[in-house]
Structure formats: structure tokens, C-alpha cells
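Chain and residue survey
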Amino acid sequence: MVNPTEGISVLIGDTRLTILKGDITTQKVDAIVNAANSRLAGGGGVDGAIHRRGGPQIMEECRKIAAEQGGCPTGQAVVTSAGRLPAKYVIHAVGPIWHGGNRGEPDLLASAYRNSLRCAVDKGARTVALPSISTGAYGYPIDKAARIALSTIKQFIEENKGALDEVRCVLFSDSDFGVYETILPEVIGGQPTCTSAS
Ligand code: ADP
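Description of the structure in this document. Being a predicted model, the structure only gives us computed values, none of them experimental. (Residues numbered from 1 in each chain as written. Predicted model: local features only at pLDDT ≥ 70, side-chain atom pairs only at ≥ 80, totals over all residues. Heavy atoms only, no water.)

Describing the pairing of strand β5 (residues 89-94)
Successive residues of a regular strand alternate their side chains across the two faces of the sheet. Most of β5 is tucked away, with 5 of its 6 residues classed as buried. Relative to β5, strand β3 (residues 31-36) runs parallel, the two sharing 6 bridges. Across the sheet, the residue bridging to Asn-34 is His-92, located in β5. Bridging between strand β4 (residues 77-81) and β5 involves 5 bridges; their strand directions are antiparallel. What sits directly across from Thr-80, in β5, is Val-90. (Buried < 20%, exposed > 50% of the residue type's maximum accessible area, 1.4 Å probe, protein only. Helix = DSSP H or I, 4+ residues; strand = E, 2+ residues; numbered from the N terminus. Pairing = 2+ DSSP bridges.)

Dropping the structure here:
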């Protein structure tokens, strides 16, 4: 039996890809990713949790970026500090709202993951935790989103060898973890190993 809170991980080159059930705000990594909206205005879900736990500093920086750049387009990401969170950076990625799949949602979701990891590497982060972007309020079906998340992360790791020590997908529910657990071997090929990813 897999214990989801301990996670499952697989090595891609020297980089560990982990899936884990947990709360992204408690992850002890260099950078966590937020599922933000394009106005960087804060919201519910993971965004609300990050601002609540991280304190007002993160929103101040978001407001500044929004004032300077007019927000963050869908598929892109911006970086702030992490306030009181254990991480050093919060990467605010904007995933697409699900409209049925014919409005570029798959490419935009892949782009949100890719740009998040690019921002992390640009900041010198070695360990990154990501939530399941777009699959809450934005309504992206979890099985489709998980396949895009894991394959985009795998491709980024392969194209940026040595840039990251760990990429951790943090799933908030048992059922989301179950979907990722099913899809991980299909995307990676071969059997992942259980691990303690604290
Ligand atoms: P979106 O608007 O991009 O859909 P949401 O925040 O509504 O973003 O949901 C994205 C995912 O984040 C959902 O699967 C939700 O269950 C999950 N989530 C909510 N809170 C947390 C948290 N504290 N840590 C990790 N994931 C979370």
C-alpha cells in the first residue's frame, strides 16, 4: 500500500520527481507555485491558503507587479518572495479556465507549468513544489490536467539537466493523489518507488 503523505518518487536523470498528498504552504522547498488568477488579486483555494499563511507581504508584491505589468497573462508566471512561508519564493502561475478543451486549454496549462519551472530555475531554486493548477475553481478535469502536468514537468527536467534537485507535485486530496498515482507510471514508464519526501 502506498502512503500518499510519504509520496511516490521517480528519478529523471539526477532530478527527483515526487507526487505527494499534502498542503503546499507547509512544504520546505526553495519555491512553491501558486495557482493564481491573471489579476494577481488573490482568491480562494490554494491562492487563499498561500496569502493567509504567508502574510501580507506576498499580496503587496503581487499588487506592485499587477500595477507595473497589468497582471499576469494565462499560461505565464511571476515571482514574489514567500513572506512567512518556509519557502523562499512563491511563483504565481496562471492556468486556463476550462471551457471544454477547445480553447487552447492544454497548451496554456502546459505553458503555466513550464514557465513556473523556468522562473524557479532563473531564481536559482533547486527544489520546487507545485499544486494541481486549474483543477479547482477553474474546473480543468483532473485526469487530463495530471497527464499534462507530469509530462510537461518530465520534459522540462530532461531539457534542463542538473538544474533542479526535486520537483514535487503536492495534491490536496486522496482522490487527486490517486489520479496522479495512476498516471505517473504511464508518463514516466517503469515503476516509481515509494519514498519519504518530507
Ligand atoms: P484554480 O483556480 O487554478 O483551479 P484552485 O486553488 O481552485 O486553483 O485549485 C487548484 C488545486 O489546488 C485544487 O486541486 C485544490 O484542491 C488544490 N489546493 C487547495 N488548497 C491547497 C493547498 N493548501 N495545498 C495544495 N493544494 C491545494
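Some thoughts on helix α5 (residues 174-188)
Here α5 is 15 residues long and its end C-alpha atoms lie 21 Å apart, about the 21 Å a rise of 1.5 Å per residue gives. Within the sequence span of α5, burial applies to Asp-176, Phe-177, Val-179, Tyr-180, Ile-183, Leu-184, Val-187 and Ile-188. At its buried positions, α5 is contacted by β1 (8-12), β2 (15-21), α3 (105-122), α4 (142-159) and β7 (166-171). (Expected span 1.5 Å × (residues − 1). Contact = heavy atoms within 4.5 Å.)

Considerations on α4
The end-to-end C-alpha separation of α4 is 25 Å, in line with the 26 Å expected for 18 residues at 1.5 Å each. All of the buried residues along α4 are Ala-145, Ala-146, Ile-148, Ala-149, Leu-150, Thr-152, Ile-153, Phe-156 and Ile-157. Of the surrounding elements, those touching the buried residues of α4 are β1, β2, α3, β6 (127-130), β7 and α5.

Some words on unusual backbone geometry
At Leu-40, a residue that is not glycine, the phi angle is positive and equals roughly 55 degrees. For Leu-40, the location among the structural elements is in the loop between β3 and α1 (45-54). Judged by relative accessible area, Leu-40 falls into the buried class, the value being 4%. With a phi close to 75 degrees, Ser-134 is a non-glycine residue in the positive phi region. Mapped onto the secondary structure, Ser-134 falls in the loop between β6 and α4.

What about the site of the ligand?
Around the ligand, the structure places 15 residues, and the nearest of them are Asp-23, Val-46, Ser-134, Gly-136 and Ala-137. Contact between the ligand and Asp-23: a nitrogen atom at 2.9 Å from a side-chain N or O atom of the residue. Contacts to the ligand include Tyr-138, whose backbone N or O atom sits 3.0 Å from an oxygen atom. Across the complex, the protein chains shield 89% of the 560 Å² of accessible surface that the ligand would expose by itself. (Near = heavy atom within 4 Å. Polar contact = N/O pair within 3.5 Å; in protein donor to acceptor, adjacent residues only side chain to side chain. Areas by Shrake-Rupley, 256 points an atom, 1.4 Å probe, with all protein chains shown as cover.)

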